[in-house]
Amino acid sequence: MSPQILNTAKPTPAPPAQRHHHPPPPKLGRRAASAAIAIAAAPALLSVSPAPSKAQEPEPIADADVAPAAAAAAPGPCLSELPVTATAFLDVSIGGEPAGRITVGLFGDASPAGASRFMSLVTGVGYRRKEFVKIVPGYVQHGGVVSYPAVPAVTDRLAAEADALRVRCTAAAGGAGGGAVHGAAGAVSIVVRDPSLPPPKPKLVAKGGKLEVQEEQVGVVPNGTEFVVTTAAAPELDEAAVLVGRVLDGMDVVEKIAAVPTVRDNGGSPYFRVAKLIGDKRAVVAERGFNRPYTKIVVTNCGVLSKTE
């Protein structure tokens, strides 16, 4: 058995690390130093983005918030399920050039007074050679027939049909957001109210040797001949118009009308508001031109195609 050999020698110390002497970096000017710092910091800025604060974090959208909006955008039963009893047409020109034909299915059962009035205006010379006078997001509006007087008995009946259809649509939708009468594109309606008009003013008049209190309507009352065609959901029309039908064919023509440039609505200008407040007639004239198309849009021909008994 060989004896164990122990290493009693002292460990040899490691040689010291050699130091390499580099020349000092050249001095940089202020602009060069700023550029160097920006270049050095660029990778860190590109790779790491700070976490958003609580105020910047988007709040999660609940399903309950999405459902009403989706329901409002969906076509309501008033437009898609009401039976069509007659079919009319409107041939339209834009800037003197033929733009196509709009075919309208009329709801004679749901809106007998409104559909009958529309049919009486598309036959003969009612809407023929008359212009579209208003284009806004949601609908286009035809000027109607100015010579028709606003007979209260007629307009009241049309307004009653508008109220009945609004109740019917709301009930059909179960009171949800899809109950708007004008809840989708393609609705054709006659204007019977102007919600922007102020209420009638009472005035004292002498009649037959006696003093009587009468109501003086401020502004021009709709005569029930102007019609609108929706290009999207326009529930604001529920208070102003009675639904008479829907577009069966020719929505591309309606979109052409909606794309015509119009006079900019300057109603939000403080100068305009002040001018209207003090009764400046120039403001009244200017307001009549808001949203009016620059190009003439005319119904060149119109009539009834078919009628079901």
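Residues numbered from 1 in each chain as written. Predicted model: local features only at pLDDT ≥ 70, side-chain atom pairs only at ≥ 80, totals over all residues. Heavy atoms only, no water.

The protein carries the name PPIase cyclophilin-type domain-containing protein in an unreviewed UniProt entry, which gives Urochloa decumbens as its organism.

Colleague: Account for the overall build of the protein, naming residues and giving values.
Modeller: Helix and strand counts for the protein come out as 8 helices and 10 strands. The proportion of buried residues among the 309 residues of the protein is 34%. Pairs at least 24 apart in sequence give 77% of the contacts found in the protein among residues at least 6 apart. Surface exposure of the protein reaches about 19900 Å², of which carbon and sulfur atoms provide 60%. (Helix = DSSP H or I, 4+ residues; strand = E, 2+ residues; numbered from the N terminus. Buried < 20%, exposed > 50% of the residue type's maximum accessible area, 1.4 Å probe, protein only. Contact = heavy atoms within 4.5 Å. Areas by Shrake-Rupley, 256 points an atom, 1.4 Å probe, with all protein chains shown as cover.)

Colleague: Go over the layout of surface pockets with me, naming the residues and quoting the values.
Modeller: Empty space within the largest pocket amounts to approximately 1700 Å³. In this structure, the largest pocket is lined by 41 residues; those nearest its centre are Lys134, Asp194, Ser196, Val220 and Arg288. Of all the elements in the fold, those that place two or more residues in the lining of the largest pocket are strand E3 (132-136), strand E4 (139-142) and helix H8 (281-289). If you tally residues by element for the lining of the largest pocket, the top one is H8, at 4 residues. Looking at the lining of the largest pocket, its residues break down into 17 nonpolar, 9 polar and 15 charged. (1 Å grid on protein atoms, 1.4 Å probe; cavity = no way out; pocket = protein on both sides within 12 Å on 5 of 7 lines; lining within 4 Å. Points joined across faces, edges and corners; volume = space filled by probe spheres on them. Nonpolar A, V, L, I, M, F, W, Y, C, P; charged D, E, K, R; others polar.)

Colleague: Describe the packing of helix H4 (residues 112-122) against helix H5 (residues 152-172), naming the residues involved and giving the relevant values.
Modeller: In contact at an axis separation of 8 Å, H4 and H5 are set at 125° when each is read in the N-to-C sense. Here H4 lies oblique to H5, going by the angle between them. Across from Pro112, Ala113, Gly114 and Arg117 in H4, the residues of H5 making contact are Val154, Arg157, Leu158 and Glu161. (Axes fitted to C-alpha atoms, helices over the stretch in contact; angles between N-to-C directions. Parallel < 35°, antiparallel > 145°, perpendicular 65-115°, else oblique.)

Colleague: Explain the packing of aromatic side chains residue by residue, including any values.
Modeller: Applying the stated criterion across every chain, the model contains 4 aromatic pairs. For the pair Phe118 and Phe227, a centre-to-centre distance of 5.6 Å together with 80° between the ring planes defines the contact as edge-to-face. With Phe118 in helix H4 and Phe227 in strand E8 (residues 227-230), the pair connects residues that are 109 residues apart, well separated along the chain. Neither Phe118 nor Phe227 differs from the other in exposure class; each is buried. (Phe/Tyr/Trp six-rings, centres within 6.5 Å; stacked < 30°, edge-to-face > 60°.)

Colleague: Quick rundown of helix H6 (residues 251-258)? Include the residues and the values.
Modeller: Considered for burial, the residues of H6 that qualify are Val253, Val254 and Ile257. Buried residues of H6, viewed axially, fall in a sector of 100°; they line one side. (Arc of directions from axis to C-beta.)

Colleague: Report on the pairing of strand E2 (residues 97-106), specifying residues and quantitative values.
Modeller: Relative to E2, strand E1 (residues 86-94) runs antiparallel, the two being bridged by 9 bridges. Bridged to Ala88 within E2 is Val104. Between E1 and E2, which pair antiparallel one after the other, the connecting turn spans 2 residues, and Gly95 there sits at a positive phi close to 65°. Here E2 runs beside strand E9 (residues 241-249); their pairing, made up of 4 bridges, is antiparallel. Looking at the pairing, Val104 lines up with Val247 of E9. (Pairing = 2+ DSSP bridges.)

Colleague: Quick one: what's the story with the pattern of salt bridges, residue by residue and with numbers?
Modeller: Counted according to the given criterion, the structure contains 5 salt bridges. In this structure, Asp163 and Arg166 form a salt bridge, with 2.9 Å as the shortest nitrogen-oxygen distance. Linking Asp163 with Arg166, this pair stays in helix H5, spanning 3 residues, or about one helical turn. For Asp163, a relative accessible area of 26% translates into the label partly exposed. Linking Asp163 and Arg193 is a salt bridge whose minimum nitrogen-to-oxygen distance equals 3.0 Å. With Asp163 in helix H5 and Arg193 in the loop between strand E5 (187-191) and strand E6 (201-207), the pair connects residues that are 30 residues apart, well separated along the chain. By relative accessible area, which is 26% here, Arg193 ends up partly exposed. (Salt bridge = Lys/Arg side-chain N within 4 Å of Asp/Glu carboxyl O.)

Colleague: Provide a residue-level description of the nonpolar core, including the pertinent values.
Modeller: Judged by nonpolar contacts, the single largest core of 49 residues is most densely connected at Ile102, Leu106, Phe118, Leu243 and Ile257. Not counting residues within four places of it along the chain, the set of residues in contact with Ile102 comprises Ala88, Phe89, Leu90, Val92, Val247, Asp249, Gly250, Val253, Val254 and Ile257. Val136, Val191, Val228 and Leu237 belong to the second-largest nonpolar core, a separate cluster that totals 6 residues. (Core = buried A, V, L, I, M, F, W, Y, C linked by side-chain atoms within 4.5 Å.)

Colleague: Hey, could you go over the environment of Glu131 for me, with residue numbers and the actual values?
Modeller: Within the fold, Glu131 resides in the loop between H4 and E3. Owing to a relative accessible area of 29%, Glu131 belongs among the partly exposed residues under this scheme. Separated by 37 residues in the primary sequence, Glu131 and Ile94 have C-alpha atoms spaced 9.9 Å apart. Contacts of Glu131, omitting those with residues within four sequence positions, involve His142, Gly143, Lys296, Ile297 and Val298.

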